[in-house]
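The primary structure of each chain is shown beneath.
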Amino acid sequence: MIFKRTAALIPALMLTLLCGCGAGGTEPAANYPELAASDISTMNLTEVSNDKMKMDYPADEWLADQGSEPLIIYYQATADSGQTVNINAQKLSEYSEKITEKDMNDVVESIKSQFSYLTVNDAGMRMLCGEPVIYMEGVMQLTDQAIDDMLKEGIWTQEFIDSYGGREAILAIPATEQMYLYTVNNGWLYLFVGTYYQADQKDMVLSTMTVLAQTAASIG
């Protein structure tokens, strides 16, 4: 399904946006708004992993793609639809300090300059479980550049594009709403990307993203 294959595009392309920093900073974080974290102690969680990272997810409502890169979970109620709500997660790089507002600005500027098919509508620093994180909201619209990037990254093949009906069919796909969350956990930088299609799905997706962020751990 094209929506499931598209889920891997954003982390693959955003992989290097903060990877070169690694120094972070110590700017004050006291004024950052709190991002409500789901209480994982009350949840029935199941582990999903690949050879780079692992995380826990609420298996009662989500399906996991074990071993995928990036790790992807799908909302069960939409898994067989043409609008598959999903969250993907990727361990990006070692990161020795806290995320700063400068890091956030660098990411936003890089997206604007490199990815014409991504529009950042909101970006800000938040506090999650006492640590600063980057939270962004945006829209992804598949374009010729996006298709070219898919091919370059090996996420799609020309045969797959042809089987879907060619570029014109892909370009006709409606834009999707997304949320992006950069976090640091035990010296590693992670990126979580949530994709949804209806306004009433947003809070549920964000809540689940905080579960993944709290439980993410490095492997290897």
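Data block above holds the structure.
Residues numbered from 1 in each chain as written. Predicted model: local features only at pLDDT ≥ 70, side-chain atom pairs only at ≥ 80, totals over all residues. Heavy atoms only, no water.

Asks: Just to check I follow, could you spell out unusual backbone geometry for this structure?
Replies: Glycine aside, negative phi is the norm for most residues, and most peptide bonds take the trans geometry. Cis geometry is found at the peptide bond from Glu 69 to Pro 70, where omega equals 5°. Within the fold, Pro 70 resides in the loop between strand E3 (62–65) and strand E4 (71–75). Although it is not a glycine, Cys 129 adopts a positive phi angle of roughly 55°. Inspection of the secondary structure puts Cys 129 in the loop between strand E6 (118–128) and strand E7 (131–140). Given a relative accessible area of 48%, Cys 129 falls into the partly exposed group. Positive phi outside glycine occurs at Asn 186, with the angle close to 50°. The exposed category is assigned to Asn 186, whose relative accessible area is 71%. (Helix = DSSP H or I, 4+ residues; strand = E, 2+ residues; numbered from the N terminus. Buried < 20%, exposed > 50% of the residue type's maximum accessible area, 1.4 Å probe, protein only.)

Asks: Just to check I follow, could you spell out the pairing of strand E8 (residues 176–185) for this structure?
Replies: On a regular strand, one side chain projects to one face of the sheet and the next to the other, so that they alternate. Taken across its 10 residues, E8 has 8 buried, putting it largely inside the fold. Pairing of E7 with E8, which is carried by 7 bridges, proceeds in the antiparallel orientation. Bridge pairing links Tyr 135 to Leu 181 in E8. Where E8 and strand E9 (residues 188–196) come together, 9 bridges link them in antiparallel fashion. Note that in E9 the partner of Thr 183 across the bridge is Tyr 190. Linking E8 back to E9 in an antiparallel pair, the connection comprises 2 residues, with Asn 186 at a positive phi of about 50°. (Pairing = 2+ DSSP bridges.)

Asks: How do you make sense of helix H7 (residues 202–215) when you look at a structure like this?
Replies: Since the α-helix packs 3.6 residues into each turn, any two residues three or four apart lie on the same face. If you check H7, its first and last C-alpha atoms are 20 Å apart, about what 14 residues at 1.5 Å a residue would give, namely 20 Å. For H7, the full list of buried residues reads Val 205, Leu 206, Thr 208, Met 209, Thr 210, Val 211, Leu 212, Ala 213 and Thr 215. (Expected span 1.5 Å × (residues − 1).)

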